[in-house]
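Breakdown of the fold
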Amino acid sequence: MFLPNLQDFKRIVIKVGSSLLVDSKRGAARREWLHGLVDDLAELHRGGADILVVSSGAIALGRSVLGLPKGALKLEDSQAAASVGQIALSRIWAEAFAQRGIIAGQILVTWQDTEERRHYLNARETISRLLALRAAPVINENDTVATAEIRYGDNDRLAARVATMASADLLILLSDITGLFDAPPAKNPDAKLIPMVPRISAEIEAMAGGAASELSRGGMQTKIEAGKIATSGGAHMVIADGRQPNPVGRIARGEPCTWFLTPSTPVTARKKWIAGSLAPQGVVTIDDGAARALASGASLLPAGVTAVEGDFSRGDSVIVRDAHGGEVGRGLVGYDVAMAHKVIGRSSRHIADELGVEGRFEMIHRDNLVLAGDLTE
Ligand code: GLU
């Protein structure tokens, strides 16, 4: 049986569906269940893993408070419901984590925050700072402002984007289905659970059908879409039935579920993306000292840059060249071109004191830098 050890993962995103968290009859949260789950998460956190939660439930909680009718809601009603329900949702998570000594942080993201480069970098930096402080980000779509054309609408794909954005190595989708079956289980008593999917093929996609329950928007199809995003971004993904107490502990013990494996690690997936998928918008030339520092794994600081060319914005891909014109690597630049001209050759202290830039000084952070030769190893 395929049974990875959950303790081996360093950064885990757990997506919790509305149907698990909210009792649809009462329109209230299932607190006891939630506390069991947070026990599981606290154990992983104690073991050193970073924990991120993508939680649905805002609309389901808010609609009952507002007395909105059952069934599909109009967009403006679901936004109103999300606005009311998100307050309760965050409080429930924050309290459950706090009782186990973990600080929770709320992050509400829109489609732009995960898909547009500048927004993406900001969201990514906030997440990484929270994790460095050992806090657990609790994330949901910002339903109150997301418009119909550009919203995820389902937290499966959102969670997968969060996993790639945070360079997570595991995404757990907890829902009210056991996993992927070779035929829709509701119609087919002989349907068999597929315990492990090494690669999402056309055949696997065909098995997904379209099963969604009343509260959860994402059926198996959106879970497979999520699987494609997560596994190509370097995270394994597991779909499991979360309805029983301590659902993550159950995955660890090998209860039935479906694992989707990633062919690459988050770092190589991200590096491939930086090196291969983005058209460079400029060139950054560095001195010999900076070239040596980069080779030993450091970030590129403005002090080591001698020239910048091109018309780039913060977050664009740029080519890094050494003093002799040789390509050292490529990376995502930390400044717009106008600001880059002002900071090159300057120390971080000067940049802070004279130019009033706060916080992040790197021209290219090492996580956003791929050295020539990195990918051929
Ligand atoms: N963002 C929605 C909510 O919090 C949930 C979307 C989903 O169920 O996937 O209610």
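Up top is the structure these notes are about.
The notes below deal with the structure included here. On a predicted model such as this, the values are computed, not experimentally measured, just so you know. (Residues numbered from 1 in each chain as written. Predicted model: local features only at pLDDT ≥ 70, side-chain atom pairs only at ≥ 80, totals over all residues. Heavy atoms only, no water.)

**Examining the environment of L6**
In plain terms, the rule: A helix here means a DSSP run of H or I that spans at least four residues, while a strand means a run of E at least two residues long, and both kinds are numbered starting from the N terminus. Per-residue accessibility, obtained with a 1.4 Å probe over protein chains only, is compared with the maximum for each type, and a residue is labelled buried under 20%, exposed over 50%, and partly exposed between these values. Only heavy atoms enter the contact rule, under which two residues are in contact if any of them lie within 4.5 Å.
Structurally, the position occupied by L6 is in the segment before β1 (11-16). Taking the relative accessible area as the measure of exposure, L6 reaches 4% and is therefore buried. Apart from residues no more than four positions distant in its own chain, L6 is found in contact with I12, L44, L170, V248, A252 and W259.

**Describing the packing of aromatic side chains**
Spelled out, the test is: Note on aromatic contacts: the rings of Phe and Tyr and the six-membered ring of Trp form a pair at centre separations within 6.5 Å, being stacked when their planes are under 30 degrees apart, edge-to-face when over 60 apart, and tilted otherwise.
One pass over the structure, following the stated rule, counts 2 aromatic pairs. Residues F9 and W259 carry aromatic rings whose centres are separated by 6.2 Å and whose planes lie at 20° to one another, so their mutual orientation is stacked. Here the residue F9 occupies a position in the segment before β1, and W259 occupies one in strand β10 (residues 258-260), the gap between them amounting to 250 residues. The class of W259 is buried, set by a relative accessible area of 2%. Between W93 and F97 the ring centres are 6.0 Å apart and the planes differ by 25°, which places this aromatic pair in the stacked class. Placement of the pair is W93 and F97 together in helix α4 (residues 75-98), with a separation of 4 residues, close to one helical turn. Among the residues examined, W93 registers a relative accessible area of 0% and is labelled buried.

**Let's talk about the site of the ligand**
For the record, the criterion: Definition of nearness: a residue and a molecule or strand are near each other if at least one heavy atom of the residue lies within 4 Å of the molecule or strand. In protein, a polar contact requires one atom able to donate a hydrogen and another able to accept it; more generally it is a pair of N or O atoms within 3.5 Å, and residues adjacent in sequence count only if both atoms are side-chain atoms. The accessible surface values rely on the Shrake-Rupley method and a 1.4 Å probe; as for residues, cover is taken only from the protein chains in view. Amino acid classes used here: Ala, Val, Leu, Ile, Met, Phe, Trp, Tyr, Cys and Pro are nonpolar; Asp, Glu, Lys and Arg are charged; the rest, including Gly, are polar.
Near the ligand lie 11 residues; those nearest to it are A58, I59, N140, D143 and N155. At 3.0 Å, a backbone N or O of A58 approaches an oxygen atom of the ligand. For the ligand, an oxygen atom lies 2.7 Å from a polar atom in the side chain of N140. In isolation the ligand offers 300 Å² of accessible surface; the protein chains occlude 97% of this area. Class assignment of the residues belonging to the shell around the ligand gives a composition of 2 nonpolar, 6 polar and 3 charged.

**Focus: the sheet that holds strand β14 (residues 327-332)**
Where we set the bar: For two strands to pair, DSSP has to find at least two bridges joining them. Axes here refer to lines fitted to C-alpha atoms; in helices the fit is confined to the stretch in contact. Angles between the N-to-C directions go from 0 to 180 degrees.
Strands sit in the order β12-β11-β13-β14-β15 across an open sheet of 5 strands; the sheet is mixed. Each edge of the sheet is formed by a strand with only one pairing partner; in this case those strands are β12 (305-310) and β15 (369-371). Neighbour to neighbour, the strand axes of the sheet diverge by 20° on average, direction disregarded. Note that strand β13 (residues 317-321) and β14 share 5 bridges and pair antiparallel. Residue pairing for β14: S317 is matched across the bridge by L332.

**Details of the sheet that holds strand β4 (residues 50-55)**
Pairing within the open sheet is mixed, and its 8 strands lie in the order β5-β6-β4-β1-β7-β9-β10-β8. Single-partner strands in this sheet number two, and they are β5 (104-109) and β8 (196-197). Here strand β9 (residues 236-241) runs beside β10; their pairing, made up of 3 bridges, is antiparallel. Within β10, the position partnered with M237 by the bridge is F260. Strands β1, β4, β5 and β6 (136-141) of the sheet are contacted by helix α6 (residues 117-132), whose axis makes an angle of about 130° with β4. Along the sheet, helix α9 (residues 220-232) contacts β7 (170-175), β9 and β10; its crossing angle with β9, the most-contacted strand, is approximately 155°.

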